[in-house]
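Structural description and commentary
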Amino acid sequence: MLWLGGFLSVPLAAQAETRYVTDQLDITLRAGESIRYKILRMLRSGTPLEVLAVNKSTKYARVRTEDGTLGFVLEEQLQDEPAARTQLAEMEARLAELQQEPEALTAQLAKLQASYAELKERFATVERDKQRREQELATIRHASANVLDITNDRERLRIQVAELTRARADLEQENRDLKNETDRRWFMIGAGVLGGGVLMGLILPHLRFGRRKSSWGSL
């Protein structure tokens, strides 16, 4: 493994980077750092390779393919940019994509317009619902104010009824007192009249008897 000793005896690039097979020709991926080593495969122009290290002495780079195969290629057969045909293919694909974009944008615009119309309708519905709820709230507030007024009126009427009830009770009591006083007065008057009549009945006979006796005496 002389190539391995020589490969390790020279400075290597420490950081892996992606480079591409030159677009001028296809190259060989070999098992070692010279043409004496067998060819592992042919690499087509534009093939991306991960450069793991570079031997500045032999001018070979140790690389890894996209499927994980390790091997060596001449560094001069690599370039930093993809092959021109690869770039052309990518640009053609991008162009085709861009040509399709107007249709996609038109469809997207139509979708956005539909979404906008739907949101606008939803907003109008919400606004109508908001106005309806505000009217209901105003009605409830007005009704609440009326209920409060009615409650206050009922309380005032209750107080007035209580006062009138007390006044009526007082009047009824006064009426009973007056009636009792009148009854007592009439009773006293009747008793007095009766007593006077009895007294007069007792006195009058004596008054008549005295007059007769005096008239007889004059004869």
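Everything that follows concerns the structure shown earlier in this document.
Given the structure is predicted, the values throughout are model-derived calculations rather than measurements. (Residues numbered from 1 in each chain as written. Predicted model: local features only at pLDDT ≥ 70, side-chain atom pairs only at ≥ 80, totals over all residues. Heavy atoms only, no water.)

1. Some thoughts on the pattern of salt bridges
- Evaluation of the coordinates by the stated rule reveals nine salt bridges.
- With its nearest N and O atoms 3.2 Å apart, the salt bridge here joins E50 to R64. With a gap of 14 residues between them, E50 in strand β4 (residues 48–55) and R64 in strand β5 (residues 60–64) connect regions that are remote in the sequence.
- Relative accessible area serves as the criterion here: at 31%, R64 is assigned to the partly exposed category.
- A salt bridge links R128 to E121; its shortest N-O distance comes to 3.8 Å. (Salt bridge = Lys/Arg side-chain N within 4 Å of Asp/Glu carboxyl O. Helix = DSSP H or I, 4+ residues; strand = E, 2+ residues; numbered from the N terminus. Buried < 20%, exposed > 50% of the residue type's maximum accessible area, 1.4 Å probe, protein only.)

2. Section: the environment of L49
- Residue placement: L49 occurs in strand β4.
- Overall, the relative accessible area of 1% leaves L49 in the buried class.
- L49 sits 33 residues away from A16 along the chain, and the two C-alpha atoms are 10.0 Å apart.
- In this view, L49 contacts E17, T18, R19, V21, L43, V63, R64, T65, V73 and L78; residues no more than four positions away in its chain are not counted. (Contact = heavy atoms within 4.5 Å.)

3. As for the nonpolar core
- In this structure, V21, I27, L29, L43, L49, V51, V54, A61, V63, V73 and L78 together form the largest nonpolar core, which totals 11 residues.
- Contributions of two or more residues to this core are made by β2 (27–30), β4 and β5.
- Of all the elements, β4 adds the most residues to this core, at three residues. (Core = buried A, V, L, I, M, F, W, Y, C linked by side-chain atoms within 4.5 Å.)

4. Quick word on unusual backbone geometry
- Although it is not a glycine, K59 adopts a positive phi angle of roughly 70°.
- Structurally, K59 can be placed in the loop between β4 and β5.

Everything listed here is a matter of geometry and, on its own, says nothing about what the molecule does.
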